[in-house]
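# Observations on the three-dimensional arrangement
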Amino acid sequence: MENITVSIKNKQIGELFYDESLHQYGFNYNNDVAPISLTMPFKNSTYLWQNKLHPIFDMHMPEGYLFEVFKNYLNKKHGFINDFLIFSYLSANIQSRLEFKSEFAVKKFKSLELSYILQNDDNDTFLKLVKMFLSKNSISGIQPKTIAVVKDKEALNYREYIVKTWGDEYPQLALNEYFCLKAVQESGVTIPHIHLSNNNKFLLVERFNYDKKNNKFLGFEEVLGLMGKNSSQKYTGSYEQVAKLIYKITTDKIADMTNFYKIMVMNYLLKNGDAHLKNFGIIYNDDFSVIKLAPAYDIVNTVAYLYDDKPALTMFGKKVWFGKKDLLKFGIKHCYLSKTQANRCYQDCFLSLQENHQKLKKYIKTNPDFVNIGTKMLDSWRVE
């Protein structure tokens, strides 16, 4: 297959290639304009990666539902499938700080009204979205989801949204995530702009890699890739390692360690057992003068589906739902907060949990479809 050209601001930076005989991916810089990743500074020799795409590219690879869609589509069309073929197909239509040119043509996408998607949240609409935006679906995650180009009449602009839905295995997942993200937001942490559809079947999450004020894309990298790992390793490691990495590379350490600590406390209070290495990210501007923790995303109560679920990574060497004492210890020892700061952050989070416990309790009284999952969420949120 043809090499993939990588550019920034229409200036070619280098090329990505695949050596099929060695099962090896390589990237060569041909211009010292800017690094493509926080972990890949300019050098004259080749960056080689065995069996998997380099992390900065691999984070765009689909998983779960979307991977099955691509596997069936590309295998039928080309007679084979590998990561390079999938990334070649997707890369030309990825909107990000990095721009890609492959042997596949750039496509023009029609937009859909935000109101249309919110009002027509059924399986037919979801399949329509997947089909319309298939070559844009450079998003990971197991649950059914798709990218959509959405026009907001009120804002008079176009935005990329991730449209998430759910099946029988994880019922009411959209509403579950909506309540959890709102609780995180009310603790004082930034989240992406989100919309819940009329019948709670879709959760629309605006992509946050775009700087609206300056009209440019921000760099974004997952903690997984910054650790030099691929998607098969997303459940390996510890929250201490995540904290250490964030502290090392961010430019406003006090703000970002405070936000990270609040996210961690909320993950434990909300019982989110899927806070793995792909679900923490870093965003940065063109010259790397501002490197900060990304908004909180992909936070759900997993115990509602797996009653004995545990945290995705270890804390203090264990996958245990620690309480206040140990969470304060984590904040002081590993997030570099003072005892007063850690206590204040914890109280912000616990107050948000209590308030959203009441909101959810009130909600399920008039929404019988959510009684089963909502009650399980309430039971797992210890507010005394």
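Residues numbered from 1 in each chain as written. Predicted model: local features only at pLDDT ≥ 70, side-chain atom pairs only at ≥ 80, totals over all residues. Heavy atoms only, no water.

What follows concerns the overall build of the protein chain. What the protein chain contains, in helices and strands, is 12 helices and 15 strands. The C-alpha radius of gyration computed for the protein chain amounts to 21 Å, which stays within 12% of the reference 21 Å derived for 384 residues, consistent with globular compactness. Principal-axis analysis of the C-alpha atoms places the extent of the protein chain at approximately 60 × 45 × 40 Å. For the protein chain, the residues scored as buried account for 54% of the 384 residues in total. Pairs at least 24 residues apart make up 63% of the contacts formed inside the protein chain by residues separated by at least 6 positions. Put simply, the protein chain shows about 18,000 Å² of open surface, and 50% of that area lies on carbon and sulfur atoms. The centroid of the 50 positive side-chain charges in the protein chain is displaced by 4 Å from the centroid of its 41 negative side-chain charges. (Helix = DSSP H or I, 4+ residues; strand = E, 2+ residues; numbered from the N terminus. Rg over C-alpha atoms; globule rule 2.2 N^0.38 Å. Buried < 20%, exposed > 50% of the residue type's maximum accessible area, 1.4 Å probe, protein only. Contact = heavy atoms within 4.5 Å. Areas by Shrake-Rupley, 256 points an atom, 1.4 Å probe, with all protein chains shown as cover. Lys, Arg positive; Asp, Glu negative; His and termini not counted. Charge placed at Lys NZ, Arg CZ, Asp CG, Glu CD.)

Judged by nonpolar contacts, the single largest core of 70 residues is most densely connected at Tyr239, Phe260, Tyr261, Leu270, Phe280, Phe330 and Met377. Examining the composition of this core, we find that 10 residues originate from one element, helix 9 (residues 253-270), more than from any other. Among the nonpolar cores identified, the runner-up in size contains 50 residues, and Tyr25, Met61, Ile117 and Ile283 belong to it. (Core = buried A, V, L, I, M, F, W, Y, C linked by side-chain atoms within 4.5 Å.)

At Gln172, a position not held by glycine, the phi torsion is positive, near 60 degrees. Non-glycine residue Phe288 carries a positive phi angle of around 65 degrees. If you trace the backbone, Phe288 turns up in the loop between strand 14 (281-284) and strand 15 (291-293).

With that settled, the discussion passes to the sheet that holds strand 6 (residues 112-113). Strand order across the open sheet formed by 5 strands is 6-7-8-10-9, with mixed pairing between neighbours. Because the sheet does not close on itself, it has two edges, and the strands there are strand 6 and strand 9 (194-196). For strand 9 and strand 10 (residues 203-206), the ladder comprises 3 bridges, and the chain directions are antiparallel. Bridging from a neighbouring strand, His195 pairs with Leu204 of strand 10. (Pairing = 2+ DSSP bridges.)

Once that is clear, we can look at the environment of Cys345. Here Cys345 shows up in helix 11 (residues 339-366). Through-space distance from the C-alpha of Cys345 to that of His195 is 27 Å; in sequence the pair is 150 residues apart. If we ignore the near neighbours within four places in the chain, the residues touching Cys345 are Thr258, Tyr261, Lys262 and Leu337.

Right, let's talk about the sheet that holds strand 4 (residues 47-50) for a bit. Taking strand neighbours across the sheet as the criterion, the 5 strands line up as 4-3-2-1-5 in an open arrangement whose pairing is antiparallel. Pairing within the sheet leaves two strands with one partner each, and these edge strands are strand 4 and strand 5 (99-101). For this sheet the average axis-to-axis angle between neighbouring strands, irrespective of direction, equals 20 degrees. Of the pairings in the sheet, the one linking strand 2 (residues 11-19) to strand 3 (residues 24-29) comprises 6 bridges and is antiparallel in character. The residue of strand 3 that forms the bridge with Leu16 is Phe27. (Axes fitted to C-alpha atoms, helices over the stretch in contact; angles between N-to-C directions.)

For the rest of this paragraph, the subject is helix 11. Taking 1.5 Å per residue, 28 residues should reach 40 Å; helix 11 reaches 42 Å between its end C-alpha atoms and fits that length. Those residues of helix 11 not exposed but buried are Ala342, Cys345, Tyr346, Cys349, Phe350, Ser352, Leu353, Asn356, His357, Leu360 and Ile364. Here the buried face of helix 11 lies against helix 6 (173-186), helix 9, helix 10 (324-334) and helix 12 (371-380). (Expected span 1.5 Å × (residues − 1).)

Moving on, we get to the packing of aromatic side chains. Taken as a whole, this structure holds 35 aromatic pairs when the rule is applied. With a centroid separation of 5.4 Å and 70 degrees between ring planes, the pair formed by Phe179 and Tyr363 is classed as edge-to-face. Linking Phe179 in helix 6 with Tyr363 in helix 11, this pair joins segments that are 184 residues apart in sequence. Ring centres of Tyr268 and Trp321 lie 5.5 Å apart, and the angle between their planes is 80 degrees; on these two criteria the pair is classed as edge-to-face. With Tyr268 in helix 9 and Trp321 in the loop between strand 15 and helix 10, the pair connects residues that are 53 residues apart, well separated along the chain. When sorted by exposure, Tyr268 lands in the same class as Trp321, which is buried. Here a set of aromatic residues connected by ring pairs shows up, and it is made of Tyr239, Phe260, Tyr268, Phe280, Phe316, Trp321, Phe322 and Phe330. Directly above the ring of Tyr247 sits Lys253, whose terminal nitrogen or CZ lies 5.2 Å from the centroid. Seen from the ring of Trp321, Lys271 lies directly overhead, with NZ or CZ sitting 5.6 Å from the centre. (Phe/Tyr/Trp six-rings, centres within 6.5 Å; stacked < 30°, edge-to-face > 60°. Lys NZ or Arg CZ within 6 Å of the ring centre and 35° of its normal.)

Remark: helix 2 (residues 64-78) packs on helix 3 (residues 83-91), axes separated minimally by 11 Å, with the N-to-C direction vectors making an angle of 100 degrees. As judged from the angle between their axes, helix 2 and helix 3 are roughly perpendicular. Residues Phe67, Phe70, Tyr73, Leu74 and His78 of helix 2 lie in contact with helix 3, whose contacting residues are Leu85, Ile86, Tyr89 and Leu90. Its residues placed into classes, the contact of helix 2 with helix 3 shows 8 nonpolar, 1 polar and no charged. (Parallel < 35°, antiparallel > 145°, perpendicular 65-115°, else oblique. Nonpolar A, V, L, I, M, F, W, Y, C, P; charged D, E, K, R; others polar.)

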